[in-house]
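Chain and residue survey
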Amino acid sequence: MSVLRTGASATASRYPSLPGTGSDLKPDWLDTILVGDCVAALERLPKHSVDVVFADPPYNLQLGGDLHRPDQSRVDACDDAWDQFASFEAYDAFTRAWLLAIKRVLKPTGTLWVIGSYHNIFRVGAKMQDLGFWLLNDVVWLKSNPMPNFRGKRFTNAHETMIWATPSKDTKGYTFNYEALKAFNDDLQMRSDWHLPLCTGGERLKDDNGDKVHPTQKPEALLYRVLLSSTNPGDVVLDPFFGTGTTGAVAKKLGRHFVGVERERSYIEAATKRIAAIEPAEGMVLETVKGKRAQKRIPFGSLLEAGLLKPGAELTCSRGKHRAIVRADGSLASGDFTGSIHKVGALVQGAEACNGWTYWHFTRGSLLEPIDTLREEIRSSMPR
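Residues numbered from 1 in each chain as written. Predicted model: local features only at pLDDT ≥ 70, side-chain atom pairs only at ≥ 80, totals over all residues. Heavy atoms only, no water.

- As recorded in an unreviewed UniProt entry, the protein goes by Methyltransferase and comes from Breoghania corrubedonensis.
- Taken from UniProt, the Catalytic activity (unreviewed entry) comment for the protein reads in full: "a 2'-deoxyadenosine in DNA + S-adenosyl-L-methionine = an N(6)-methyl-2'-deoxyadenosine in DNA + S-adenosyl-L-homocysteine + H(+)".
- According to the UniProt record, the Sequence similarities (unreviewed entry) comment for the protein is "Belongs to the N(4)/N(6)-methyltransferase family." (UniProt positions renumbered as here; feature names shortened; annotations may be inferred.)

Written as C-alpha cells, this is what we have:
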C-alpha cells in the first residue's frame, strides 16, 4: 500500500485484475491515500472511476465545554479542529462541495453511503436530495456499548444513521447482494437496524501514550457489512474522509480496491501501517451467493441444442394432470395451446402467469424432475 503525497508521482504497475479500465496498468491512485482536502484531492481522480463511496464526514458536533465522568475524569470527546465550523451555513457549503466532487467520480451504477449523528445527518441528507441523489435506505447502527450520558439531561446517544443512495432516481444496475446478506444473516432478510459494538479493545488504534489515534474510529464490522452488501470483488471503494483507514482495511480484506483522502498526517501514518499489515483473502472464498436473477439467462431452446431434451419429448406438471409436447423451435404444444414454457404453463392452469422452469417436469429414469435441473446443468458447464 502506498501513499500519494501532494505533487508526488507514482509509478504504475502491471495490474490485469482490475476490471473496466481498458488497460492492464494499475492507476497510480488506486490502493493509495491521497493527501489533502477531499474536494481538491478528488479532482485528481477520473470521472466515473469508483464503484462505491463510504463517507464519514465531520459531524459538526457543536460541543459546549469539557465533558467529565462522575469521577471527574475528562471524556476524550471529538473536539478536533477538523470537526468545527463557523456556522450551519458554512457546514452546508462544505457538504455541498464534497457531495458534488463525489458525484463526479462515482460511476452511474455506483452507490454512496454517508454516516452521521443527529448533529449533521439531516443536513447532509437534505443536500443529497438537493443534488439529485436518490435515497435507497437509511440504516441505523445501534451501538451495543454506547458511551453513557454523563450529564443525565438527555437520552443516551446509542445510534448513528447511515444513508445509502444512488447518484440519481434513474440509476439502474447498482450492486445489492441480497442473497449474500441473507446467507450472512442465517437465511433471514437483512434489516436496516444493525446491532454492532463500538470500536474498542485491540481494534482501537492507540498512540505511544496510549491515547486514541482518532476520536471516532469506526468498527470494521460496520464496514464489512457495508462492503459485503454493495460491492463485489475487484470494485473500487472511495473514502473521502479516510481517518485511520477502516474502509481501506476492510476493502483489502475482502478483495476490493480502495482510494482514501485524508489531510491529517497522524491519521495517514496510522492507516498506512494498519493496511500494510493486512493479508487479503483471495479466490473462491470471496465469491458471494447470487440469486437467480443475477445468473446468466439460459433460454429453453438451449436444452434442445445441448441434447438434454429432444423434439417430441413429453413434459408434465408435478401431478401429471397437464401434459405438453416439446417442439423443435423450443415451444410447447398442449391441446389447443401453443407457446413458450411459461405461456403454455399459464394457459393450461387458467392462470395469469407461470414459471415454466419449475412447473414443467421430465422423466429421468424413474424420477420426475423439473426442467430447471437441466438449465442448471448447462449453467454449471459454462466457464466462470
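1. A closer look at the overall build of the protein
- Looking only at helices and strands, one finds 11 helices and 15 strands in the protein.
- Across the 384 residues that make up the protein, the buried fraction comes to 44%.
- Within the protein, contacts between residues at least 6 apart in sequence are counted, and of these 67% link residues at least 24 apart.
- Accessible area of the protein: about 20500 Å², with a carbon and sulfur share of 51%. (Helix = DSSP H or I, 4+ residues; strand = E, 2+ residues; numbered from the N terminus. Buried < 20%, exposed > 50% of the residue type's maximum accessible area, 1.4 Å probe, protein only. Contact = heavy atoms within 4.5 Å. Areas by Shrake-Rupley, 256 points an atom, 1.4 Å probe, with all protein chains shown as cover.)

2. Brief notes about the pattern of salt bridges
- Taken as a whole and judged by the stated rule, the model has 14 salt bridges.
- Salt-bridge contacts for Lys107 lead to Asp51; the nearest nitrogen and oxygen are separated by 2.9 Å. With Lys107 in strand β4 (residues 106-116) and Asp51 in strand β3 (residues 50-55), the pair connects residues that are 56 residues apart, well separated along the chain.
- Since its relative accessible area comes to 15%, Asp51 is described here as buried.
- For Asp193, the salt bridge is made with Arg191, and the minimal N-O distance between the two is 2.8 Å.
- With relative accessibility at 23%, the residue Asp193 sits in the partly exposed group.
- The network of salt bridges with common partners includes Glu220, Lys253 and Arg274. (Salt bridge = Lys/Arg side-chain N within 4 Å of Asp/Glu carboxyl O.)

3. Description of the confidence of the model for the protein
- Residue-level pLDDT values for the protein average 86, and 86% of them are 70 or greater.
- Confidence over residues 4-22 falls short of pLDDT 50; this stretch has 33 contacts with residues more than four positions distant or in other chains.
- Within the model, the stretch residues 65-70 combines pLDDT values under 50 with 16 contacts to residues more than four positions away or in other chains. (pLDDT = per-residue confidence, 0-100.)

4. Side note on the packing of helix α2 (residues 88-105) against helix α3 (residues 121-130)
- Here α2 crosses α3 at 50°, and the two axes come no closer than 10 Å. What the angle tells us is that α2 and α3 run oblique. By crossing handedness, the relation of α2 to α3 is classed as right-handed. Counted together, Phe88, Tyr91, Asp92, Thr95, Trp98 and Leu99 of α2 and Arg123, Val124, Lys127 and Met128 of α3 form the full contact between these two elements.
- Its residues placed into classes, the contact of α2 with α3 shows six nonpolar, one polar and three charged. (Axes fitted to C-alpha atoms, helices over the stretch in contact; angles between N-to-C directions. Parallel < 35°, antiparallel > 145°, perpendicular 65-115°, else oblique. Left-handed = near helix turned anticlockwise from the far one by under 90°. Nonpolar A, V, L, I, M, F, W, Y, C, P; charged D, E, K, R; others polar.)

5. Some remarks on helix α11 (residues 372-381)
- Among the residues making up α11, those that are buried are Asp372, Leu374, Arg375, Ile378 and Arg379. The buried residues of α11 occupy one face: seen down the axis, they fall within an arc of 160°. The exposed residues of α11 that point more than 90 degrees off its buried face are Ser380 and Ser381.
- Residues of α11 that are buried make contact with α8 (301-305), α10 (356-359), β14 (361-364) and β15 (367-370). (Arc of directions from axis to C-beta.)

6. Observations concerning the side chain of Lys26
- Checked against the element boundaries, Lys26 lands in the loop between β1 (2-4) and β2 (32-35).
- Within polar-contact distance, the side chain of Lys26 engages the side chain of Asp31 at 3.3 Å. (Polar contact = N/O pair within 3.5 Å; in protein donor to acceptor, adjacent residues only side chain to side chain.)

7. Considering a nonpolar patch on the surface
- A cluster of nonpolar side chains, contributed by Tyr174, Phe176 and Tyr178, occupies part of the molecular surface with about 250 Å² of accessible area.
- Secondary-structure assignment places Tyr178 in helix α4 (residues 178-184).
- What makes Tyr178 partly exposed here is its relative accessible area of 30%. (Patch = residues over 30% accessible without salt bridge, like charges linked within 9 Å, V, L, I, M, F, W, Y side chains within 5 Å.)

8. What about unusual backbone geometry?
- The backbone phi angle of Asp31 is positive, close to 60°, even though this residue is not glycine.
- You can call Asp31 buried: its relative accessible area is 12%.
- Even without being glycine, Asp186 reaches a positive phi, approximately 55°.
- Take Asp186: it is sitting in the loop between α4 and β7 (193-196).

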